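# An overview of the molecular structure
Single-letter residue listing:
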Amino acid sequence: MKKLIKILVDNFCFKNSPLHRLIYSLKRFPPQKGLFGFRVLDSWQSTFAAYPMLIILSILPPFFGDSPLELKASYLFLILLNLSTIILTANAFLQNRKSPILLWTLMNIPIWLFIPKEVRLLVYGIRGLFFNLDSDFT
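Now for a look at the structure at hand. Nothing here was measured: the structure is a model prediction, and the numbers come from that model.

## Observations regarding the overall build of the chain
- On a plain count of helices and strands, the chain comes out with six helices and zero strands.
- Among the 138 residues that make up the chain, the fraction classed as buried is 26%.
- For the chain, the exposed surface amounts to about 10,100 Å²; the carbon and sulfur share of it is 73%.

Put into structure tokens, the structure is as follows:
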């Protein structure tokens, strides 16, 4: 299959054309550089970065305020934190470096079990941000 793709690309695409670059960039999945040019975390780094976020997510919400501005800030915080942990969890699963596999699985089981709560909090944050709109920002 790879030989067929190489033959098609070499014969039917101009060198350095957008299609040529796209096909060759897809061959290097997962990418090594992120959206802003930084190096993408590997599987272990994503796992270890997700744990502090989960701890913050379980400790901080009772301290959110009551005013409309504080509630909007807390909804934005919940959205940002939950999206970050979901992306880190997906990255930990998609990256190649997972050895030793048993230890990696044991380290990621708590994160995987937390995914439904993350999705629920993400939906809660989006609903709260967009459907509880008050014009009072004082």
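## Re the packing of aromatic side chains
- All told, the structure shown has four aromatic pairs when counted by the stated rule.
- Between F64 and F77, the ring centres sit 5.9 Å apart and the planes meet at 80 degrees, which makes this aromatic pair edge-to-face. Linking F64 in the loop between α3 (43–59) and α4 (68–94) with F77 in helix α4, this pair joins segments that are 13 residues apart in sequence.
- For F64, a relative accessible area of 23% puts it in the partly exposed group.
- Owing to a relative accessible area of 25%, F77 belongs among the partly exposed residues under this scheme.

## Looking at the environment of S99
- By secondary structure assignment, the location of S99 is in the loop between α4 and α5 (101–113).
- Looking at S99, the relative accessible area reads 51%, which means it is exposed.
- Through-space distance from the C-alpha of S99 to that of W44 is 9.1 Å; in sequence the pair is 55 residues apart.

## Overview of the nonpolar core
- The biggest cluster of nonpolar side chains holds nine residues, and these are A50, L54, L57, L78, L81, L88, I111, F114 and L121.
- Elements supplying a minimum of two residues to this core: α3 and α4.
- Ignoring sequence-local partners within four residues, the contact set of A50 consists of T85, L88 and I111.

## Some words on α3
- An ideal rise of 1.5 Å per residue puts 24 Å on 17 residues; α3 measures up with 25 Å between its terminal C-alpha atoms.
- Among all positions of α3, only S43, W44, S46, T47, A50, L54 and L57 are buried. The arc that holds every buried residue of α3, seen down its axis, measures 145 degrees, which confines them to one face.
- At the N-terminal boundary of α3, the capping side chain belongs to D42, with an oxygen 3.4 Å from the backbone nitrogen of W44.

## Things to note about a nonpolar patch on the surface
- Together, I55, I56, I59, L60 and F63 make up an exposed nonpolar region whose accessible area comes to about 490 Å².
- Counting through the fold element by element, I56 comes out in helix α3.
- On the accessibility criterion, I56 (39% relative accessible area) is partly exposed.

Procedures and definitions
Residues numbered from 1 in each chain as written. Predicted model: local features only at pLDDT ≥ 70, side-chain atom pairs only at ≥ 80, totals over all residues. Heavy atoms only, no water. Helix = DSSP H or I, 4+ residues; strand = E, 2+ residues; numbered from the N terminus. Buried < 20%, exposed > 50% of the residue type's maximum accessible area, 1.4 Å probe, protein only. Areas by Shrake-Rupley, 256 points an atom, 1.4 Å probe, with all protein chains shown as cover. Phe/Tyr/Trp six-rings, centres within 6.5 Å; stacked < 30°, edge-to-face > 60°. Core = buried A, V, L, I, M, F, W, Y, C linked by side-chain atoms within 4.5 Å. Contact = heavy atoms within 4.5 Å. Expected span 1.5 Å × (residues − 1). Arc of directions from axis to C-beta. Polar contact = N/O pair within 3.5 Å; in protein donor to acceptor, adjacent residues only side chain to side chain. Patch = residues over 30% accessible without salt bridge, like charges linked within 9 Å, V, L, I, M, F, W, Y side chains within 5 Å. Salt bridge = Lys/Arg side-chain N within 4 Å of Asp/Glu carboxyl O.

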